[in-house]
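What follows is the residue order along each chain.
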Amino acid sequence: NAEEILPFMDKCLPILDEMGLSYVFSDGGWSAVGPDLMQARTIALVKLLVFGGAAVFALVMTVWLFIGRKKREYAIYRALGMPKRGASLRLYVPFLALGIVAAIIGSIAARVFSLRQMAAASAQAAEAGEKITVHTPAGSLLYVVGAAGFLLLLAMLAWFEILLIRRKSILELLGGDGGRQ
């Protein structure tokens, strides 16, 4: 394990010196990999936070553009006597149907992209005379979990927007002042 080489050397080499034993490492440069590994991990975490924040912002904007902009539709349904639940579902169900399609297409596209990237990296390593093995224990499950998380967040944001719309009067939603008698 590249992360354990330097701590091992710090702990064990003085003991070997005290014993009068000599040592030779033929690790091929693995002792220098530990700091690079930590830097790569930090960069990956920063990327995850930035892209995650951008994804949440995109979802919020999508919900606002699709559902928030249909306040008048909701108000018309309510003015015609439709119950709040029925009017809410008229906004919610089509939005979730589009979200499901988007999650499926996005997951398939992500899977194809990552497989192509792994194939390109393997081909590049083979050209250099190296053999690499890519171990992906999660496999397709990762994409399914990602799509499910996307849908769950999308559903929660959409329902929250609908709850905000439901709290307003029909006149407010239609553009009237709603507060004056």
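Provided above is the structure to which this section pertains.
(A) How the structure looks around the overall build of the chain. Within the chain one finds 6 helices and 0 strands. Starting at the N terminus and ending at the C terminus, the chain contains elements arranged as α-α-α-α-α-α. Considering only intrachain contacts with a sequence separation of at least 6, the fraction spanning at least 24 residues in the chain is 73%. Accessible area for the chain stands at about 13200 Å²; split by element, carbon and sulfur atoms hold 67% of it.

(B) A look at the packing of aromatic side chains. Applying the stated criterion across every chain, the model contains 2 aromatic pairs. Note on Phe-66 and Phe-95: the rings are 5.0 Å apart at their centroids and 40° apart in plane angle, and the pair reads as tilted. A residue pair is termed long-range when its members are at least 10 positions apart, and Phe-66 in helix H2 (residues 33-66) and Phe-95 in helix H4 (residues 84-127) qualify at 29 residues. Residue classification places Phe-95 among the buried positions, given a relative accessible area of 3%. Ring centres of Tyr-92 and Trp-159 lie 5.0 Å apart, and the angle between their planes is 75°; on these two criteria the pair is classed as edge-to-face. Placement of Tyr-92 in helix H4 and of Trp-159 in helix H5 (residues 141-166) is noted, with a sequence separation of 67 residues between them. Residue class for Tyr-92 comes out buried when judged on its relative accessible area of 14%.

(C) View of the packing of H4 against H5. Contact geometry of H4 with H5 gives a least axis separation of 9 Å together with a crossing angle of 155°. The pairing of H4 with H5 is recorded here as roughly antiparallel in orientation. Helix-helix and strand crossings are classified by hand; for H4 and H5 the assignment is right-handed.

(D) Inspection of H5 at higher detail. With 26 residues, H5 should cover 38 Å at 1.5 Å per step; its first-to-last C-alpha distance of 37 Å lies within 8% of that length. Turning to H5, its buried residues number three or more, namely Tyr-143, Ala-147, Leu-154, Ala-155, Ala-158, Glu-161, Ile-162 and Ile-165.

(E) Main features of the pattern of salt bridges. Inspection of every chain in the model, using the stated rule, returns 1 salt bridge. Linking Glu-73 and Lys-70 is a salt bridge whose minimum nitrogen-to-oxygen distance equals 4.0 Å.

(F) Up close: the nonpolar core. Core analysis: the largest hydrophobic core is formed by 16 residues, its most contacted members being Ile-67, Tyr-74, Phe-95 and Ala-158. Elements supplying a minimum of two residues to this core: H2, helix H3 (71-79), H4 and H5. Here the element with the most residues in this core is H5; it accounts for 5 residues. Those residues in contact with Tyr-74, other than ones at most four positions away along the chain, are Lys-84, Ala-87, Ser-88, Leu-91, Ile-165, Arg-166 and Leu-173.

(G) Spotlight on the packing of H3 against H4. In contact at an axis separation of 9 Å, H3 and H4 are set at 150° when each is read in the N-to-C sense. If you check the angle between H3 and H4, you find them roughly antiparallel. Judged by the sense of rotation from one axis to the other, the crossing of H3 with H4 is right-handed. The residues of H4 that touch H3, namely those facing Glu-73, Tyr-74, Tyr-77 and Arg-78, are Lys-84, Ala-87, Ser-88, Arg-90 and Leu-91.

So, how was this worked out
Chains are numbered independently. Their residues run from 1 in the order of the written sequence. In keeping with the model being predicted, local features are shown solely for residues with a pLDDT of at least 70 and side-chain atom pairs are shown and tallied solely at 80 or more, while totals for entire chains, interfaces and linings include all residues. The basis for every side-chain value is the complete set of heavy atoms in the structure, and neither hydrogens nor water enter the calculation. Runs of E in the DSSP output that reach at least two residues are strands. Runs of H or I that reach at least four are helices, and both are numbered from the N terminus. Should any heavy atoms of two residues lie within 4.5 Å, those residues are considered in contact. The accessible surface values rely on the Shrake-Rupley method and a 1.4 Å probe; as for residues, cover is taken only from the protein chains in view. Note on aromatic pairs: the rings of Phe, Tyr and Trp (six-membered ring only in Trp) are paired at centre separations within 6.5 Å, and the planes decide the class, stacked below 30 degrees, edge-to-face beyond 60, tilted for the rest. Partly exposed describes any residue whose relative accessible area lies between the buried limit of under 20% and the exposed limit of over 50%, with all areas from a 1.4 Å probe on protein chains only and scaled to the type maximum. Orientation is described by lines fitted to C-alpha atoms, with helices fitted over the stretch in contact, and by angles between N-to-C directions that extend from 0 to 180 degrees. Should an angle fall under 35 degrees it is taken as roughly parallel, and over 145 as roughly antiparallel, whereas 65 to 115 is taken as roughly perpendicular and any remaining angle as oblique. Handedness of a helix crossing follows the sense of rotation of the near helix relative to the far helix, less than a right angle counterclockwise being left-handed and clockwise being right-handed. Here, expected helix span is obtained from the residue count minus one, scaled by 1.5 Å. A carboxyl oxygen of Asp or Glu within 4 Å of a side-chain nitrogen of Lys or Arg is what we treat as a salt bridge. Only buried residues count toward a nonpolar core, which is a set of Ala, Val, Leu, Ile, Met, Phe, Trp, Tyr and Cys residues joined through side-chain atoms within 4.5 Å.

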